[in-house]
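# Chain and residue survey
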Amino acid sequence: ADLIAFTHREFSGFEHDDHVRIMLRREGKRLDQVTVRVRSVESRAACNFKAKVGVDFQAIDEVLEFPPGTRALTFRVSLCMATAAWSPPKHFEVELVEVVSGHASLGGPTIAQWGVKDPRQFPVVRVHILEENRFPLNIPEERLVS
């Protein structure tokens, strides 16, 4: 059976972009079609920098198709328009939930969290939404003069 996995543990996109790209890889003989289900969710990490569904990114729950012979597949998660104010980097998660059809299994990488019982039994990656302008470089000129 083939192995379907994320290409990295973490992905990132800039806040002003309308999406972030996530890539899956397929290892094995790649003889048959395989479909897998992915979804984006708010982070389960205990921190203040979680991205919110509908505010920072759009939730997806999609079935993706690997045609025979395909080694990699890229999909998008839409990012929401940012406010004009500076904000720290935020993050959300994308889960590789299940093999819908075909002969394949799910593989890593996946993120782990110390001291958190996570009942998910499938690969999960973190997606960072980055600020284009680093603080304090984006302070308007009129505010810098006092």
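Below, the structure is looked at part by part. Treat the numbers as computed from the prediction; the structure is a model and nothing was measured. (Residues numbered from 1 in each chain as written. Predicted model: local features only at pLDDT ≥ 70, side-chain atom pairs only at ≥ 80, totals over all residues. Heavy atoms only, no water.)

## Describing the nonpolar core
Let me state the cut-off plainly: We define the nonpolar core as a collection of buried residues of types Ala, Val, Leu, Ile, Met, Phe, Trp, Tyr and Cys that are connected through side-chain atoms lying within 4.5 Å of one another. When a residue's accessible area, from a 1.4 Å probe over protein chains only, is under 20% of the maximum for its type it is buried; when over 50% it is exposed; and in between it is partly exposed. Under the scheme used here, helices are H or I runs from DSSP no shorter than 4 residues and strands are E runs no shorter than 2 residues, and both carry numbers assigned from the N terminus. Residues are treated as being in contact if the distance between any of their heavy atoms lies within 4.5 Å.
The biggest cluster of nonpolar side chains holds 25 residues, and the ones touching the most others in it are Ile22, Leu24, Phe75, Val77, Phe92 and Val94. Only strand S1 (2–6), strand S3 (19–27), strand S4 (34–42), strand S5 (61–66), strand S6 (72–78), strand S7 (90–101) and strand S9 (124–130) provide two or more residues apiece to this core. Residue contacts for Val94: discarding those within four places in its chain leaves Phe6, Ile22, Arg39, Ser40, Phe75, Val77, Pro123, Val124, Val125 and Val127.

## Quick look at the sheet that holds S3
How we decide: Two strands qualify as a pair provided that DSSP identifies no fewer than 2 bridges between them. Each axis is a line fitted through C-alpha atoms, and for a helix only the stretch in contact is used; angles between axes span 0 to 180 degrees, taken between their N-to-C directions.
In space, the four strands of this open sheet follow the order S6-S3-S1-S8, with mixed pairing throughout. Each end of this open sheet is capped by a strand with a single partner; those strands are S6 and strand S8 (104–106). In this sheet, adjacent strand axes meet at a mean angle of 25 degrees when their direction is disregarded. Where S1 and S8 come together, three bridges link them in parallel fashion. Within S8, the position partnered with Ile4 by the bridge is Leu106.

## A word on the pairing of strand S2 (residues 10–14)
Going residue by residue along S2, you find Phe11 and Gly13 tucked away on one face and Glu10, Ser12 and Phe14 left uncovered on the opposite face. With five bridges connecting them, S2 and S9 associate as parallel partners. Counted as the bridge partner of Gly13 is Ile129 from S9.

Interpretation note: all reported values are geometric properties and have no functional meaning in isolation.
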